[in-house]
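Notes for the structure review
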Amino acid sequence: AVFTVFYRYAEGLGWLDAFYFTVITTRTIGFGDIHPTTAAGKIGTILNALLPATVFLGASLILLDTLMRQLEEFWRDHKMQQNTGHDIIVSDVERLESILKEYAATKEKYVVVARERFEDLPVSLQSLLDHSNFLQGDAARDEVLGRAGVKKADTILIATGDDGFNLYVLVSARALNPSMNKIVMINRAENASKFAAAGADSVLPAATIVGQMLSHASLHPCSFRFLLSLHTHTQDPFLEDCKPAEADIGRAVKDVCGGAVAVYRDGAFVFDVAAEKVRKGDVIINVKFKYR
């Protein structure tokens, strides 16, 4: 419309000719039957040839970007729906990395629902997530939990710093899948009864647990570190059953398994391993440390 008006007055063309010349110039057809004769007309024709192409290119890129985003969303939902028997994790970013490292060590399946965009997560977290186990959204909404596969999940783990939000997520998850295991970390111990009434299977008061761990670490620092290692796959896993070979019979238990803490013999545990020698049929409970 702008260039039609321009040619009408700059070149003195009729309205039909002005519109016709605009179209064939914009489409870079250029029959040559009409051409600009004034300096203003020539400059206008240059702009008419360049600007619409740029606009069309920009519009095409916007449409292509929108299409790619829709395809990515479709693929994400498709991959998410392949999950079954998995755990849904709703947690603040600060706690998420330690949780996911434990899950990765046990090779358990999980889906993370977070309000943050994937691109905004720390790189260390991004390495533990992909399109099949990360979903951005509000976990208190039924639609989001549905996309996370809540009806096919075994457990939901809720551990944010907002008890009100945690309660909303719990109620939504319970309504969608009453039989799933529901574990909630709460920030105020006095809210425990509310979460239990709302259907939580396990309620873990964060402050109480941290307080107990701190006092244990202060009073018994070495045993605390030992127990922490035993309960953390990402530290130094773990207790293992060590079955001695025939050639080990008669040798000192500690020489066979350096991390031995007990011997299972004749249906009972023997804890004084320092004085014991391996017998036939023994199973040595050994602390297996893996240094990384």
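Every chain is numbered independently, its residues counted from 1 as its sequence is written. Where local features are concerned, this predicted model is filtered to residues with pLDDT of at least 70; where side-chain atom pairs are given and counted, the filter is 80 or more; whole-chain, interface and lining totals use all residues. To obtain the side-chain values, all non-hydrogen atoms of the structure were used and water was disregarded.

**Topic: the pairing of strand β1 (residues 87-91)**
Exposure is judged per residue with a 1.4 Å probe applied to protein chains only, and the accessible area is read against the type maximum: over 50% gives exposed, under 20% gives buried, and values in between give partly exposed. Secondary structure is summarised from DSSP: a helix means a run of H or I of at least four residues, a strand means a run of E of at least two, and numbering begins at the N terminus for each. Most of β1 sits out of view: five of its five residues are buried. The alternating pattern of β1 places Asp87, Ile89 and Ser91 and Ile88 and Val90 on opposite faces, both of which are buried. The sheet contact formed by β1 and strand β2 (residues 110-114) spans four bridges and is parallel. The residue of β2 that forms the bridge with isoleucine 89 is valine 112. A clockwise path from the first strand over the helix to the second, with the strands pointing away from the viewer, defines a right-handed crossover. Following the chain from β1 across helix α4 (residues 93-106) to the adjacent parallel β2, one finds a crossover that is right-handed. Paired strands, in this sense, are two strands between which DSSP finds at least two bridges. As defined by bridge partners, β1 adjoins strand β4 (residues 155-159) across five bridges and the pair is classed as parallel. Its bridge partner being in β4, isoleucine 88 is matched across the sheet by isoleucine 156.

**Here we look at the sheet that holds strand β5 (residues 181-186)**
With respect to topology, six strands assemble into an open sheet ordered β3-β2-β1-β4-β5-β6, the strand pairing being parallel. Of all strands in the sheet, those with a lone pairing partner are β3 (134-136) and β6 (202-205), marking the two edges. Across this sheet, the average inter-strand angle for adjacent strands is 15 degrees, counted without regard to direction. Inspection of the sheet shows β2 paired to β3 by three bridges, in the parallel sense. Residue pairing for β3: valine 112 is matched across the bridge by phenylalanine 134. By the convention used here, residues are in contact when the closest approach between their heavy atoms is within 4.5 Å. Angles here are taken between N-to-C directions and fall from 0 to 180 degrees, while the axes themselves are lines fitted to C-alpha atoms, restricted in helices to the stretch in contact. The strands touched by α4 are β1, β2, β4 and β5; relative to β1, the strand with the most contacts, the crossing angle is about 155 degrees. Each of β1, β4 and β5 touches helix α7 (residues 163-176); the most contacted strand, β5, lies at about 175 degrees to it.

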